[in-house]
Amino acid sequence: MARPIWSGSLSFGLLNIPVSLMSGERRTDISFRMLDSRDKKPIRFERVNADTGEEVPWKDIVKAFEYDKGSYVVIEKEDIASAAPESHESVDVEAFIDAGTIGTRFYEKPYILVPGKKAEKGYVLLRETLKKTGKIGIARVVIRTREYLCAVMPEDDALVLMLLRYPQELVDPADYKLPTGAASSYRIADKEFKMATQLIESMSAEWAPDDYHDEFRERLSDIIKKRIKAKGATAKVPDEPAHREDAATNVVDFVALLQKSLKDNTRTPAGGSDKVPTKKTATRKAAKKATKKTAKSTKAAKKTTRKAS
């Protein structure tokens, strides 16, 4: 089984639910090594000084920021450590907002929150309450050394943690030349709208993700298997590391904590500190999303050629 990225807690108000943060995606890309075509030996990339051409050992490499063309300022490890957030295993929910108010471009990477031992009640309580209210939690989480903005949302039996992009990471569509104004400005006739609507309706289907496959990867995998078999080679798959069990937790009086959280309008900070920061509030109006429908179609995979310089 997969290892948890960390085991800690999901906190909102005064409730702390022990959870493990697990990866929510699986990489299926086929990776390649670059070889010397003359003897089929791997190519090694070395770290060399741009001026002398000499190889630079890792111990002599430092990080620097190029603030002007050819001008650098060296950043020490202590500088990076002082800027990094306090490393704690906690998902701190700061506000609950309507599920339809976050634009799709903000979503970046999925994780799955798995309840710890004896934490199922709190987990299910939050999951079902989010489903009933149509809300999602906006939180902060530290993964390794970086703090991320994230959304906690229910999906079937799971609580999914989705990393969010900050607004400054998104390109404003207005930066590009896009067609603006009413459709009438582009001389689109009613008949064209009608035909386009009919076409979309005729191609409409229920979203069935299992119907879609990475056809290019499948075909390339078949080719690789044939090459391996032809050369009499074998492929070994390493064993997955063992799953680490979570520590046992105590039974919690959820009603009392919920009542106190509502009364105090506070949340427990990470690490169990006595200091309680002010809870941020969300004031956006609810906007219901229409159910997405997609068209089933078969696309021919494009051949990809990698060139080594």
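Look up: the structure comes first, before these words.
Report on the accompanying structure. Just so it is clear, the model here is predicted, and its values are computed rather than measured.

**Focus on the pattern of salt bridges**
Taken as a whole and assessed by the stated rule, the structure comprises nine salt bridges. The partner of Arg 146 in a salt bridge is Glu 169, and the shortest N-O contact between them spans 3.8 Å. Placement of the pair is Arg 146 in strand E8 (residues 146-155) and Glu 169 in the loop between strand E9 (158-164) and helix H3 (190-202), with a sequence separation of 23 residues. You can call Arg 146 partly exposed: its relative accessible area is 39%.

**Comments concerning helix H2 (residues 120-133)**
Between the first and last C-alpha of H2 there are 20 Å, a value that for 14 residues agrees with the 20 Å anticipated at 1.5 Å per step. Within H2, burial applies to Gly 122, Tyr 123, Leu 126, Arg 127 and Leu 130. Considered in projection along H2, the buried side chains sweep an arc of 130 degrees and stay on one side of the axis. Residues of H2 that are exposed and angled more than 90 degrees away from the buried face: Lys 121 and Lys 132. Backbone geometry just after H2 places Gly 134 at a positive phi near 70 degrees.

**Digging into a negative patch on the surface**
Taken together, Asp 29, Asp 214, Glu 218 and Asp 222 make up a surface patch of like negative charges. Residue Glu 218 is classed as partly exposed on the basis of its relative accessible area of 38%.

So, how was this worked out
Residues numbered from 1 in each chain as written. Predicted model: local features only at pLDDT ≥ 70, side-chain atom pairs only at ≥ 80, totals over all residues. Heavy atoms only, no water. Salt bridge = Lys/Arg side-chain N within 4 Å of Asp/Glu carboxyl O. Helix = DSSP H or I, 4+ residues; strand = E, 2+ residues; numbered from the N terminus. Buried < 20%, exposed > 50% of the residue type's maximum accessible area, 1.4 Å probe, protein only. Expected span 1.5 Å × (residues − 1). Arc of directions from axis to C-beta. Patch = residues over 30% accessible without salt bridge, like charges linked within 9 Å, V, L, I, M, F, W, Y side chains within 5 Å. Areas by Shrake-Rupley, 256 points an atom, 1.4 Å probe, with all protein chains shown as cover. Lys, Arg positive; Asp, Glu negative; His and termini not counted. Charge placed at Lys NZ, Arg CZ, Asp CG, Glu CD.

Note that every value here comes from positions in space, so none of it alone points to a role or purpose.
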